[in-house]
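This is what each chain is made of:
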Amino acid sequence: MKKVIYTLAVSGLTLLLSAMLPANIAKLTEGMADVPGQQTPSYPFSRAMRAGDFVYISGQIGVKADGKLADGFDAQSRQTMDNIVAALKEQGLTTADVVKCTVMIGDMAKWPEFNTIYRSYFKEGHFPARSAFGANGLALGAALEVDCIAYAPLKGKAK
């Protein structure tokens, strides 16, 4: 019985995927593009990717233009948010377009401190949805990492 259910599930998934390809997959990925001016082109990820009406900003840490982490939690928090702002700007967007952020913090005791800095990057009362959690070990020894999703309708669509 389990084998039959597994076979049906795989068959259903195969049918679903084949229905998406190739004509429908173009709609899913319409406007998808790697953002120019990547901060770290040697890493195996893009700084940002568009998929339809959404732009996904990869997790940003407090790395300065010289590739080094800013000193201290406050400086890394500001640099992280500045890096997000820069990635958004490359797509012609601002923090007003952000609909969701995920925050990973190495020390959750710093969460209130981060909230003060984070708040300054958004218009009061218009904050994106957000998740935050403690993390034991972030890339390059960063104190925090933040990723975001922005809503950015393709040209010809109303906001």
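Residues numbered from 1 in each chain as written. Predicted model: local features only at pLDDT ≥ 70, side-chain atom pairs only at ≥ 80, totals over all residues. Heavy atoms only, no water.

Draft legend 1. How the structure looks around the environment of Gly62. Of note, Gly62 is situated in the loop between strand 2 (54-60) and helix 3 (73-90). For Gly62, a relative accessible area of 0% translates into the label buried. Between the alpha carbons of Gly62 and Glu145 there is a distance of 7.7 Å; along the sequence they are 83 residues apart. Those residues within four positions of Gly62 in sequence are excluded, and the remaining contacts are Lys68, Leu69, Ala70, Gln76, Gln79, Thr80 and Asn83. (Helix = DSSP H or I, 4+ residues; strand = E, 2+ residues; numbered from the N terminus. Buried < 20%, exposed > 50% of the residue type's maximum accessible area, 1.4 Å probe, protein only. Contact = heavy atoms within 4.5 Å.)

Draft legend 2. Examining the environment of Val55 more closely. Here Val55 lies in strand 2. Judged by its relative accessible area of 0%, Val55 is buried. When the C-alpha atoms of Val55 and Pro153 are compared, they prove to be 9.4 Å apart, with 98 residues separating the residues in sequence. Leave out the neighbours within four places in its chain, and Val55 touches Ala48, Met49, Arg50, Gln91, Leu93, Cys148, Ile149, Ala150 and Ala152.

Draft legend 3. View of the pattern of salt bridges. Counting across every chain of the model gives three salt bridges. Across the pair Glu113 and Lys110 runs a salt bridge, and its minimum N-O distance is 3.8 Å. You can call Glu113 partly exposed: its relative accessible area is 31%. Residue Glu124 pairs with Arg119 through a salt bridge whose shortest N-O separation is 2.9 Å. (Salt bridge = Lys/Arg side-chain N within 4 Å of Asp/Glu carboxyl O.)

Draft legend 4. Region of the structure containing the side chain of Arg47. Mapped onto the elements of the fold, Arg47 is located in the loop between helix 2 (23-28) and strand 1 (48-51). By relative accessible area, which is 8% here, Arg47 ends up buried. Polar contacts involving the side chain of Arg47 include one to the main-chain carbonyl oxygen of Asn83, which spans 3.0 Å. (Polar contact = N/O pair within 3.5 Å; in protein donor to acceptor, adjacent residues only side chain to side chain.)

Draft legend 5. Inspection of the pairing of strand 1 at higher detail. Covered by surrounding structure in strand 1 are Ala48 and Arg50 only, the residues Met49 and Ala51 on the alternate face being uncovered. As defined by bridge partners, strand 1 adjoins strand 2 across four bridges and the pair is classed as antiparallel. Each residue of the ladder has a partner; that of Arg50, found in strand 2, is Val55. In this antiparallel pair of consecutive strands, strand 1 and strand 2, the connection spans two residues, and Gly52 shows a positive phi of 60 degrees. (Pairing = 2+ DSSP bridges.)

Draft legend 6. Quick look at the pairing of strand 3 (residues 98-105). Of all eight residues making up strand 3, six are buried, and the element is well covered by its neighbours. In this structure, strand 3 lies alongside strand 5 (residues 144-151), joined through seven bridges in antiparallel fashion. Each bridged residue has a counterpart across the sheet, and for Ile105 the counterpart in strand 5 is Leu144. One crossover worth recording links strand 3 to the parallel strand 4 (residues 129-134) by way of helix 4 (residues 111-119), and it is right-handed. (Right-handed = clockwise from strand over helix to strand, strands pointing away.)

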